[in-house]
Amino acid sequence: MMAVRGANWASRAAHRGAGTVAGGQIGLKIAPDLLASLAVGRTVVLVSGTNGKTTTTALIAAGWGGDVASNTTGANMPAGHVAALVRDRTGRVVLETDEAWLGDVMTATQPKVVVLLNLSRDQLDRANEVRRIAERWRAAIAALGSATIVVANANDPLVVYAACDAPNVRWCDVPTPWRADAQSCPRCTLAIDYDVAGWRCACGFAKPTDLTTSLDGPLRVAGQTLELALGVPGVFNEANAAMALSALREVGSDLQDALQRVNAVSTVAGRFSVRTWRGRRVRLLLAKNPAGFEALLWTLGPGDDDVWIAINAHLADGHDPSWLYDVAFETLRGRTVWCLGERRLDLATRLAYADVSVKVVDDLEQLPVSEEPVTLFANYTAFSEWLERSTPC
Amino acid sequence: MLTIASLLPDLLGTYGDAGNALVLASRARARGISIELLEMRRDDELPEASLYFMGGGEDGPQRLACEVLRASSLGARVRDGANVFAVCAGLQILGQHFSVEGDDEFTGLGLVDIATRRGTTRSVGDICVQVGDHLLVGFENHGGVTTLGEGVRALGDVRNGRGNDGVVDGFRAGTMWATYAHGPVLAQNPWLADELLATVLGEDVEPLSSVADLLYEERCRVLSPHSSFEVRRKDPH
């Protein structure tokens, strides 16, 4: 353990990153089964999916109450998990887990609960195809013992495909508007039909009917009604909170107490927070793939206020910004968008073809000074830059 | 009135491929050409159009799209002179056969004499292709290796990336155009959008300047620093 702590310290001293992953990587080299041995005897909850991982993990950690070990810095691969488990030796653990690593991390940590949020196109240059992730999840989940409970989104056919052979599953009926990646059946490739009641394929694959959690009205988890009054915005966060509370039920939390703590969360790793930059209040939103971006665009109020958007294409962002054409930016017509980040010309071209007025910002000095708050959408590394550049209000 | 149609965007549209029809329609309208932009979803009849767009897709949806199009009148329309612009999986579907889901061979539409097998590695990254005097810049993400039949002309020569086979990319066959540069390749290459538009219209189009020109210059600089006559002429450095 000293080696891990030492490397974390060395990493921080060398000003490289937040000092979490470097230590974990060295740790994994020293003992390949380090993650497994660190997880022994602890109650582990894993959270995976394309969108909402970080927020749902934070809501579970908050809702659980007291001391909870968690990879709050977003380092969601085994190196980050090892670092989180070394940092905090408490018996309660919730880990955000990269979709591609979920199988390995399940094997190592033998979780009590696995939360599967959703699957949609994201960084396809790294993950290639969404359906391969669903297949890998399915194989790993089918191998689970009955001691693990899978909390899964019943409205996402790819998630249901992955989870339906789990020995122990709790289905959650939560809003899932993005359907573009599940138009054809993951089981047989025929067309999936959607209507208000759910979805089904001619082959018989359909939305599960034994629902533990529902959110068409007040949130209900296993028969209990819970009054959501979240501090984080958007319908997508109501879905995240519903799944967080469903997971907390499975680790024995009192749901009304957990609800109060979940409602009190207002910012997660800087997301949704209002910060100050050069005297201007900036609301920072992390938008890194089409489904997530569209959900966040809906949180913009009516009006014609300017919007700032920053797009990079580093490894963590995905090198291919083609996904900008999958986002319905037409909803921004009537506003002016200030285009920032290394791929600002890709963004400006996309927006111009959506008939949205654009300004390309080559130098931050060009950004207007104003008393009015502004909303900034940024993808992964651009978001980190803005978090660093700005200060709390 | 020019009618263009996106084919099965619900199945073939993984990488923002809908951008291509959007870009072509937008550049036509900017020149005062009236455009009707249609979509054929999987339960629709094939609409009558002068130009059809085909996008990329994952294995299962690609196979389904091929079945739907085989049962449609697309082949007859192409033989009657309709134009097709296809990327990635769309390119593969137009050919004799392709491989998905392991090495199972699947029969394509057979509208062009090309064949695609699964390569040993996946090709993911920026692609740069010399097409006549122009560079085509974009991004590819596919596992296919495509062989052109005798007499089928490639779209261009690969400078960067893999394209069909590491040597050439795509094809031009009759009224069909295809490239492995997926997604909004017409957005990154305004010259290609205009060449396609001019071909479909049967007449030259006026130059049109937009922010897309800056994007194209930037991508050419990044992907091929010293090779483009077009770019060198505009950039004194």
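Everything below is about the structure printed above this text.
Below: a short report on this structure. Residue numbering note: each chain is counted from 1, following its sequence as written. Labels follow written order: the first chain is A, the first ligand is 1, and so on. Local features are withheld for residues below a pLDDT of 70 in this predicted model, meaning they are given only at 70 or higher, and side-chain atom pairs are given and counted only at 80 or more; totals for whole chains, interfaces and linings count all residues. In computing side-chain properties, one takes all heavy atoms of the structure into account and sets aside hydrogens as well as water.

1. A few points about the overall build of chain B
Scanning chain B from terminus to terminus reveals eight helices and twelve strands. Two things to know: the radius of gyration comes from C-alpha atoms, and the globule rule equals 2.2 Å times the number of residues to the power 0.38. Radius of gyration (C-alpha) of chain B: 17 Å, near the 18 Å computed for a compact globule of 237 residues. For chain B, the spread of C-alpha atoms along the three principal axes comes to 50 × 45 × 30 Å. Relative accessibility thresholds used throughout: buried, under 20% of the residue-type maximum; exposed, over 50%; partly exposed, between the two (1.4 Å probe, protein chains only). In chain B, which comprises 237 residues, the share counted as buried stands at 62%. Each accessible area value is a Shrake-Rupley result obtained with a 1.4 Å probe; residue values ignore everything except the protein chains displayed when judging cover. Of the roughly 9400 Å² of accessible surface on chain B, a fraction of 45% belongs to carbon and sulfur atoms. Here chain B contributes 21 positive and 34 negative side-chain charges, whose respective centroids are spaced 3 Å apart. Numbering of helices and strands runs from the N terminus, with a helix taken as a DSSP run of H or I at least four residues long and a strand as a DSSP run of E at least two residues long. His is not counted, nor are the chain ends; Lys and Arg add positive charge and Asp and Glu add negative charge. All charge positions are set by atom: Lys at NZ, Arg at CZ, Asp at CG, Glu at CD.

2. What about the sheet that holds strand β11 (residues 224-226) of chain A?
Residues and elements named next belong to chain A. DSSP-based pairing: two strands are paired if at least 2 bridges between them are found. Read across the sheet, nine strands follow the order β2-β3-β1-β4-β5-β6-β9-β10-β11 without closing on themselves; strand pairing throughout is mixed. Only two strands of the sheet have a single partner each, and these edge strands are β2 (69-70) and β11. Examined bridge by bridge, strand β9 (residues 211-214) and strand β10 (residues 219-221) share two bridges and lie antiparallel to one another. When the bridges of β10 are listed, Thr213 appears paired with Val221.

3. Quick notes on the interface of chain B and chain A
With 36 residues of chain B at the interface, the matching set in chain A holds 32 residues. Both sides together, the interface formed by chain B and chain A hides about 2800 Å², and carbon and sulfur atoms give 53% of it. We define buried area as the total accessible area lost by two parts upon association, computed with a 1.4 Å probe and summed across both. On the chain B side of the contact with chain A, Arg42, Glu58 and Val211 of chain B bury the most area, a combined 20% of that side's loss. When a carboxyl oxygen of Asp or Glu lies within 4 Å of a side-chain nitrogen of Lys or Arg, that pair is called a salt bridge. Where chain B touches chain A, the interface holds one salt bridge. For the side of chain B that touches chain A, the elements supplying multiple residues, two or more each, are α1 (19-29), α2 (59-70), β7 (114-131), β8 (134-148), α5 (185-188) and α7 (211-223) of chain B. No other element matches the six residues that α7 of chain B contributes to the side of chain B that touches chain A. Any residue outside Ala, Val, Leu, Ile, Met, Phe, Trp, Tyr, Cys, Pro, Asp, Glu, Lys and Arg is labelled polar, Gly included; the first ten of those are nonpolar and the last four are charged. Here the side of chain B that touches chain A is composed, by residue class, of 14 nonpolar, eleven polar and eleven charged. By definition, residues are in contact when any of their heavy atoms lie within 4.5 Å.

4. Brief notes about the environment of Arg121 of chain A
With respect to the secondary-structure elements, Arg121 of chain A resides in the loop between β4 (113-116) and α7 (124-127). The sequence separation of Arg121 of chain A and Val337 of chain A amounts to 216 residues, and the corresponding C-alpha distance is 24 Å. Those residues within four positions of Arg121 of chain A in sequence are excluded, and the remaining contacts are Thr50, Val130, Trp178, Ala180, Asp181, Asn289, Pro290 and Asp326 of chain A together with Gly13, Thr14 and Tyr15 of chain B. Polar contacts, as used here, are pairs of N or O atoms within 3.5 Å; protein pairs need one atom able to donate a hydrogen and one able to accept it. Residues neighboring in sequence count only if both atoms are side-chain atoms. For Arg121 of chain A, the side chain forms a polar contact with the side chain of Asp181 of chain A, separated by 2.9 Å.

5. Some details on the pairing of strand β1 (residues 2-7) of chain B
All names here are of chain B. Judged by how many residues are buried, β1 sits mostly within the fold: six of six residues are covered. Burial along β1 is two-sided: Leu2, Ile4 and Ser6 and Thr3, Ala5 and Leu7, pointing in opposite directions, are all buried. Note that β1 and strand β2 (residues 35-40) share six bridges and pair parallel. Paired with Ser6 across the two strands is Glu39, which belongs to β2. Traced from β1 through α1 to β2, the parallel crossover comes out right-handed. Judged from the four bridges that link them, β1 and strand β3 (residues 51-54) form a sheet pairing that is parallel. Whether a crossover is right-handed depends on one test, that the path from the first strand over the helix to the second runs clockwise when the strands point away from the viewer.

6. Let's talk about the pattern of salt bridges
Residue and element names in this part refer to chain A. What the rule picks out here adds up to 21 salt bridges over all chains. For Arg121, the salt bridge goes to Asp181, with nearest N and O atoms at 2.9 Å. Pair noted here: Arg121 is in the loop between β4 and α7 and Asp181 is in the loop between β6 (169-173) and β7 (192-195), with a separation of 60 residues, a long-range link. Look at Arg121 and you get buried, because its relative accessible area is 6%. A residue is classified by how much of its surface remains accessible, and Asp181, at 6% relative accessible area, is buried. The residue Arg333 makes a salt bridge to Asp355 at a minimum N-O spacing of 4.0 Å. With Arg333 in the loop between β14 (307-310) and β15 (336-340) and Asp355 in the loop between α13 (344-353) and β16 (357-360), the pair connects residues that are 22 residues apart, well separated along the chain. A residue is classified by how much of its surface remains accessible, and Asp355, at 54% relative accessible area, is exposed. Ionic contacts of the salt-bridge type, sharing partners, join the residues Arg121, Asp181 and Asp326 into one network.

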